[in-house]
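# Understanding the architecture of this molecule
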Amino acid sequence: MRDKIIYGAGIFAALYFVRNLYVILLQLPDEAMQGAVYRIFFFHLPPYFTAVACFLGAAIASGLYLKTKNWKYDVFAVSATEVGLALAAINLVTGMIWGRQQWGIWWTWDARLTSALITWLIYLGYLMLREGIKDPSERAKNSAVLSIFAFFAVYFTYKANEWYRTQHPGPVLTIRTGKNTIDPAMQAMLFHNLGAFLLLAVVLVAVRMNLENSQRAVESLRRRAHAIA
Amino acid sequence: MTALQAHDLWKYYGDFAALQKVGFEFAAGSCVALLGRNGAGKTTLLRILAGLSQASEGEVRILDGNPRQASVRSRIGIIGHGIGIYDDLSAEENLLTFARLYAVANPAKAVDHWLERTDLARVRRGKAREFSRGMRQRLAIARAFIHSPNFLILDEPFTSLDDRAIALLQGLLKDALHQGATVVLSTHQLKEALELASHVLLLNRGKLAFSGVRTAEMLANPGWVYQHYGEAA
Amino acid sequence: MTYFNQVFAIAGKDLRSELRTKEALNASLSFAVVILLLFSFVVDPDSEMLEQMSGGLLWMVFAFSGVLILNRGFARELPNDCLDALIASPIPGSALFFGKAIANFALIAIIEAICFPVFGILYNLTWTAQLPVLVAVSALATWAMATLGTMFGALTVNMQLRELMLPMLIYPMLIPALMSAMQLTTLLVAGQAIDSEHIIWLRVLIAFDIIFTSLAAVLVETVLVG
């Protein structure tokens, strides 16, 4: 039953994306200054918010794991972090493509890009830590602690970079200034795509959790087999 | 008074149950010999008793408290597989460090006393790295006893000890037991351990296969427990 | 009282151990001086750019060479199962953490105390104009390194690839503190006082230290007891 719900949600998410793409590509007008390429923005900002939501969820689950030692929180934490990492990567890549198109540069060290990259590296470290610890309990415990640290660090990084880079203004326009004067149709689409990404994230996390649970079952069977043999 | 109580202990590594529903109770002054094949779960159990590890399920009470409580830990002395001494420090510095960690009342005096007792007073300034194996073992014993513990947890303490160290340890344990301390030791050296033991526990693949008083028969035939309660093969 | 006794028993033991062998100190110091030297090929030592980059250079040096010291932190407890002996003792997890962090702090501070004059000599800069404030800022940033380094040292103590994982975990998270230190150090080395424009970096450093020290003190015991 649970699987059916996940598949259903997945299909719905896919359809939602198709509908959004249709609107983005065919119905929305070009942006005044940036022309057609601005449309990538709808695949740049929503993944970022969704990724942050995933990381926050992972940090909370980590805290709950440390408190209750219930495995399901650990499974959720790793799944949410992986999905968040993928979404953060999408955010970085779309940002780079946009920057390349718009200003001719692949990368710039402005506040948001820099802190996005650092965030990505921090959570990559989380996955590497998990890889390096073999015992499941220790792995869950240590990565839970790291996840909590990571979320605080991400917040600090974001704030610090904002102060740092805004003192040296770069060529990237801050998106916020555009928001107040944004076309209502575009704003609505932003939220639509955010919804689509959130739904996608939920589906992916659920699928990843299934995968993680299966993996653990296999590991435990292996251990049992070794113990008997 | 009940010095050691374990109730329905389970320990999982992932899904593998290293300890299954282990429970026992011993009064103060008992000396418990923990037997079992390699991999039976002896070290796992001892680590839980020592507060180094947490049981997945179940409860342990030592000296009527949780092993993780600082007040309980300060009365427990342990010798694990590793000797727990710092190679770069001298014998004196090693003992002083641990005396301070255990909040011993007069650290310098305690250090002097135990260096004498373990016959290391001559080499008190020597680096542990330079000691012979027997000397290192004696230093480890001094470290375990420096805070005059009344609960001792020893994981295969007689393994690879030389004669002098074995005699020393047996003497110290006998003295401690006389003074009402409780001792739990795991061992493959059945003879030395059974001489001291008042009770015997046998672990078999994580389960408690035998728990009882140490009898004269066991002393005469050290393999008795394994023969009667050990694994079939 | 006992608490402080325990903290300093640990700090003392670590420092005594390291100062006796000087393994990590020597490696760290050599590495630091080499980087300082290499940097002279990156930027023209006589240019004005150097003044702008002094903070960045110095803290890069401290961050890289500091990790060599931080790697030893909990690793020195592994031979002879000393870590077990420590955890079994009544020392609270936070006391063990502070003891080790203080020792790490002191060792990295030694590196810094040597590197500042070397830097001044190699690049012909007077850097002592704002010495007290510079010392305070360095102390705050070094504490940030020591805190994260000690905490993640505990996290990675049993891993095979510990020496690779520790820098990987520390550096991204340390960036806000490093950034602040770099900004402030550049300013102070040039002889200027911290003005209202730059005071924010001091705040970031202090907040960083408070938050991560508290987190570490609370969580370290969970990490160490299996």
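Preceding this section is the structure that the text describes.
In short, a report on the structure. (Residues numbered from 1 in each chain as written. Chains lettered and ligands numbered in written order. Predicted model: local features only at pLDDT ≥ 70, side-chain atom pairs only at ≥ 80, totals over all residues.)

What follows concerns the overall build of chain A. What chain A contains, in helices and strands, is seven helices and zero strands. For chain A, the N- to C-terminal ordering of α and β elements is α-α-α-α-α-α-α. Once local pairs closer than 6 in sequence are excluded, the contacts in chain A between residues at least 24 apart make up 80%. (Helix = DSSP H or I, 4+ residues; strand = E, 2+ residues; numbered from the N terminus. Contact = placed C-beta atoms within 7 Å.)

Another point: the overall build of chain C. When helices and strands are tallied, chain C shows eight helices and zero strands. From first element to last, N terminus to C terminus, chain C shows the α and β order α-α-α-α-α-α-α-α. A principal-axis box enclosing the C-alpha atoms of chain C has dimensions of 55 × 35 × 30 Å. Looking at chain C as a whole, 51% of its 226 residues are labelled buried. Of the contacts formed within chain C by residues at least 6 apart in sequence, a portion of 85% connects residues at least 24 apart. (Buried ≥ 20, exposed ≤ 12 C-beta atoms within 10 Å, placed from the backbone.)

This paragraph deals with the sheet that holds strand 4 (residues 57-62) of chain B. Residues and elements named next belong to chain B. Taken in spatial order, the three strands line up as 2-1-4 in an open sheet, and their pairing is antiparallel. Each edge of the sheet is formed by a strand with only one pairing partner; in this case those strands are strand 2 (16-27) and strand 4. For this sheet, the mean angle separating the axes of adjacent strands, direction not counted, is 15°. With eight bridges joining them, strand 1 (residues 2-13) and strand 2 adopt antiparallel strand pairing. Each bridged residue has a counterpart across the sheet, and for threonine 2 the counterpart in strand 2 is alanine 27. Against the sheet, helix 1 (residues 42-49) makes contact with strand 1, strand 2 and strand 4, and its axis sits at roughly 60° relative to strand 2, the strand it touches most. (Pairing = 2+ DSSP bridges. Axes fitted to C-alpha atoms, helices over the stretch in contact; angles between N-to-C directions.)

Before going further, it helps to examine the packing of helix 2 (residues 23-42) of chain C against helix 5 (residues 93-122) of chain C. Residue and element names in this part refer to chain C. Axis separation between helix 2 and helix 5 bottoms out at 10 Å; the angle between their running directions is 30°. By the angle class used here, helix 2 and helix 5 are roughly parallel. Seen along the crossing, helix 2 lies across helix 5 with a hand that is right-handed. When helix 2 is examined against helix 5, the residues Leu25, Ser28, Leu29, Ala32, Val33, Leu36 and Ser40 are found in contact with a partner set consisting of Leu107, Ile110, Ile111, Ile114, Cys115, Val118, Phe119 and Leu122. Here the residues of the contact of helix 2 with helix 5 are counted per class, giving 13 nonpolar, two polar and no charged. (Parallel < 35°, antiparallel > 145°, perpendicular 65-115°, else oblique. Left-handed = near helix turned anticlockwise from the far one by under 90°. Nonpolar A, V, L, I, M, F, W, Y, C, P; charged D, E, K, R; others polar.)

With 28 residues of chain B at the contact, the number on the chain C side is 23 residues. Elements that contribute at least two residues to the side of chain B that touches chain C include exactly helix 2 (70-73), strand 5 (76-79) and helix 3 (91-101) of chain B. Looking at the side of chain B that touches chain C element by element, the count peaks at five residues for helix 3 of chain B. Per-class residue counts for the side of chain B that touches chain C are 13 nonpolar, nine polar and six charged.

Before going further, it helps to spend a moment on the pairing of strand 9 (residues 207-213) of chain B. Residues and elements named next belong to chain B. Across six bridges, the pairing between strand 8 (residues 199-204) and strand 9 is antiparallel. Note on strand 9: the bridge partner recorded for asparagine 204 is lysine 207. Taking the residues between adjacent antiparallel strands as the criterion, strand 8 and strand 9 are bridged by two residues, where arginine 205 takes a positive phi near 50°.

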